[in-house]
Structures are given as structure tokens and as C-alpha cells.
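One-letter residues, chain by chain:
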Amino acid sequence: MGKKTVSSMNKNKEKRQARKLEQRRIADGMAHVTKANKLEDLASLCKELLVYKSNDLDVDMYIQRVTELDKNVLQWAIDLTERNMKSLYETCAWGWNRDRKIEEMTDDSAWYLIAKDNKDKLLAFSHFRFDMDFGDPVLYCYEVQVESDGRRRGLGQRVLRVLERVAHATRMRCVRLTALTHNPSASAFFRACGYSLDDTSPPKEEANHYEILSKSTCMEDDGDTQPHNTT
Ligand SMILES: CC(C)(COP(=O)(O)OP(=O)(O)OC[C@H]1O[C@@H](n2cnc3c(N)ncnc32)[C@H](O)[C@@H]1OP(=O)(O)O)[C@@H](O)C(=O)NCCC(=O)NCCS
């Protein structure tokens, strides 16, 4: 049996306080996630970004929960994901499993940002969720997919800007995503949009086919690094 010294008592007090602060931070984060998931009108948080006119594109975007999404639009999103990603998944440890992807994309917590042109042609989408991830409230971007004839015209970047604005407005800490390391165009795209390696990314020895990237919501206001002239 030892006698507690003043210094060890102070250390214990500090530890207790740090634990309490951490618990409070997580509880606050969870409250923000719950609140974000209950919002009825995410579009009102980013209205001016939902119209995109640039490089011969005239695009309107809308945001819906998966449960509200038109079945044909959801089917298009699944098919586009398969067209864009199947071969990339097949050449890594994940493999391609259409049913598993459909299950992920139709989870009740999924939100969709859909972009279509002025002739109602579907051009791009993002599947995202508000979630706690490693103790942080985040907007997790599960997919950003652009039709091949809509690419390199700033649309993907605009989609991410919408997500960043929504994440900022709902008090998420960052937009976080998982990217395949053998998808160099996506890697160049995310980096051009200001995303960098997240602290939660696994070390290369553990997983070298994917990495976790993120962009802090503090950067939302000054994150306007547009490569294109946009409205
Ligand atoms: C990756 C993807 C979403 C990019 O969308 P996009 O609308 O073409 O991208 P943007 O036009 O907004 O590009 C913004 C910037 O990102 C960079 N970039 C985008 N695509 C790139 C590519 N293929 N190679 C190198 N840099 C690229 C460029 O710096 C570009 O600016 P610039 O055109 O002025 O040079 C799109 O190519 C795509 O859907 N690919 C297939 C699916 C995929 O890989 N999704 C991501 C993983 S979920």
C-alpha cells in the first residue's frame, strides 16, 4: 500500500477531467449527427451551390434521403457506380460484389446529391452520410461518381463543395472519404479539391489498396480553389 502524493492526485484529477472532456466532445458530436439526419431541407444550407453553369454545362442539383429517391434514379446511381468502379474493385482485395454495393447504397442512413442537366440527363451523384467516425462527427462521402461525358468540367469539384458546405452548416468536423490508391485520377481529383491524408488512414503495411482522405470544415469558407470559371 502506498500513500497518494499531491502530484499523483493532481495527475488523476487531470486524467478524469480529460476523460470528461472527451466524453462531452463525443456526446456533442453525436447530437450534431442526430440533428443533421433529422433535417428536412438540406438544400436550404447550400442553395446557391446547387446551380452550376460552366464549360457548356447547365446543371441543377438536389439532395434527398435514399428512402425518398426515385427508384429509377437510384438504379442509375447503382449502374454508374458499377460502370465506374467494378474493374477497380476487382483488382484489389475488396473484389466487386454488386449485392453488397447495393446493400451499402440503399442503407436507410444514405443521403444522395443528384446532378442533372437542363435536359434532365443524370450526370453525377454523391452518396453521403452523417456519422460518427473514430469519435468525430463527419460527413462521410461514400461515392462521388460522374458520367464520363460530364468529366473535367468542374462538376465533381462542385459536388464536393456542396458536401463541404453541408458539413460545415451541420457542424460536422470534416468531409471524410475512402479512396482506392490505384485510382490515380480520383487521387489527383481529391488532392486538387484540397483533400489530404486523414489521421485515421491505416498504415500502408495494414492496407495499401485504400487510404482515408479528408478536408476539414474550417476550410469550407476559404476552400474556393476553383480550377474552372463557375457560377
Ligand atoms: C474522379 C471524378 C469524380 C472527377 O470528377 P470531374 O467532374 O471529372 O472532376 P473536375 O472536373 O471537378 O476536376 C477538378 C480537378 O480535379 C483534377 N482532376 C479531375 N480528374 C482528373 C484526372 N482524371 N486526372 C488528373 N486530375 C484530375 C484536376 O485538377 C481538375 O481540374 P482541371 O480539370 O481544371 O485540371 C470523375 O472522374 C469520376 O467520376 N471518375 C470515376 C469514378 C471515381 O473514380 N470516383 C471517385 C472515387 S469514389
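Residues numbered from 1 in each chain as written. Predicted model: local features only at pLDDT ≥ 70, side-chain atom pairs only at ≥ 80, totals over all residues. Heavy atoms only, no water.

Visitor: Give me the side chain of serine 214: which residues, what numbers.
Guide: With respect to the helices and strands, serine 214 occurs in strand S8 (residues 210-216). On the basis of relative accessible area, serine 214 is assigned to the buried category, the value being 11%. In contact with serine 214, other than residues within four places in its own chain, are Cys174, Val175, Arg176, Gly194, Tyr195, Ser196 and Asp198. (Helix = DSSP H or I, 4+ residues; strand = E, 2+ residues; numbered from the N terminus. Buried < 20%, exposed > 50% of the residue type's maximum accessible area, 1.4 Å probe, protein only. Contact = heavy atoms within 4.5 Å.)

Visitor: Talk me through the packing of helix H4 (residues 155-169) against helix H5 (residues 184-192); I want residue IDs and the actual numbers.
Guide: Running from N to C, H4 and H5 point in directions that differ by 55°, and their axes come no closer than 10 Å. The pairing of H4 with H5 is recorded here as oblique in orientation. As for the relative orientation of H4 and H5, their crossing is right-handed in sense. Of the residues in H5, those touching H4 at Gly156, Gln157 and Leu160 are Phe189, Phe190 and Ala192. Of the residues belonging to the contact of H4 with H5, the class tally is four nonpolar, two polar and no charged. (Axes fitted to C-alpha atoms, helices over the stretch in contact; angles between N-to-C directions. Parallel < 35°, antiparallel > 145°, perpendicular 65-115°, else oblique. Left-handed = near helix turned anticlockwise from the far one by under 90°. Nonpolar A, V, L, I, M, F, W, Y, C, P; charged D, E, K, R; others polar.)

Visitor: Explain the confidence of the model for the protein residue by residue, including any values.
Guide: Across the protein, pLDDT averages 93, with 94% of residues at or above 70. Across residues 222-231, confidence stays below pLDDT 50; counting only partners more than four residues off in sequence or on other chains, it has 24 contacts. (pLDDT = per-residue confidence, 0-100.)

Visitor: Can you tell me about the sheet that holds strand S7 (residues 196-197), naming the residues and giving the values?
Guide: With mixed pairing, eight strands are arranged side by side in an open sheet as S1-S2-S3-S4-S5-S6-S8-S7. Strand pairing shows two members of the sheet lacking a second neighbour, strand S1 (51-54) and S7, which therefore form its edges. Pairing between strand S3 (residues 111-117) and strand S4 (residues 122-133): six bridges, direction antiparallel. Across the sheet, residue leucine 113 finds its bridge partner in S4, namely serine 126. (Pairing = 2+ DSSP bridges.)

Visitor: Give a description of the site of the ligand that names residues and reports values.
Guide: Around the ligand, 20 residues are found, and the nearest of them are Val146, Arg152, Gly154, Gly156 and Gln157. Contact distances for the ligand include 2.8 Å between an oxygen atom and a backbone N or O atom of glutamine 157. Compared with its free state, where it exposes 910 Å², the ligand has 81% of that area covered by protein. It is H5 that contributes the most residues to the shell around the ligand, five residues altogether. (Near = heavy atom within 4 Å. Polar contact = N/O pair within 3.5 Å; in protein donor to acceptor, adjacent residues only side chain to side chain. Areas by Shrake-Rupley, 256 points an atom, 1.4 Å probe, with all protein chains shown as cover.)

Visitor: Which residues make up the environment of histidine 182, and what values go with them?
Guide: Among the secondary structure elements, histidine 182 is positioned in the loop between strand S6 (174-180) and H5. Taking C-alpha positions, histidine 182 is 8.0 Å from tyrosine 210, a pair spaced 28 residues apart along the chain. Not counting the four nearest positions on each side in its chain, histidine 182 is found in contact with Leu88, Thr91, Cys92 and His209. Here threonine 91 takes part through its side chain, which lies 3.4 Å from a polar atom of the side chain of histidine 182.

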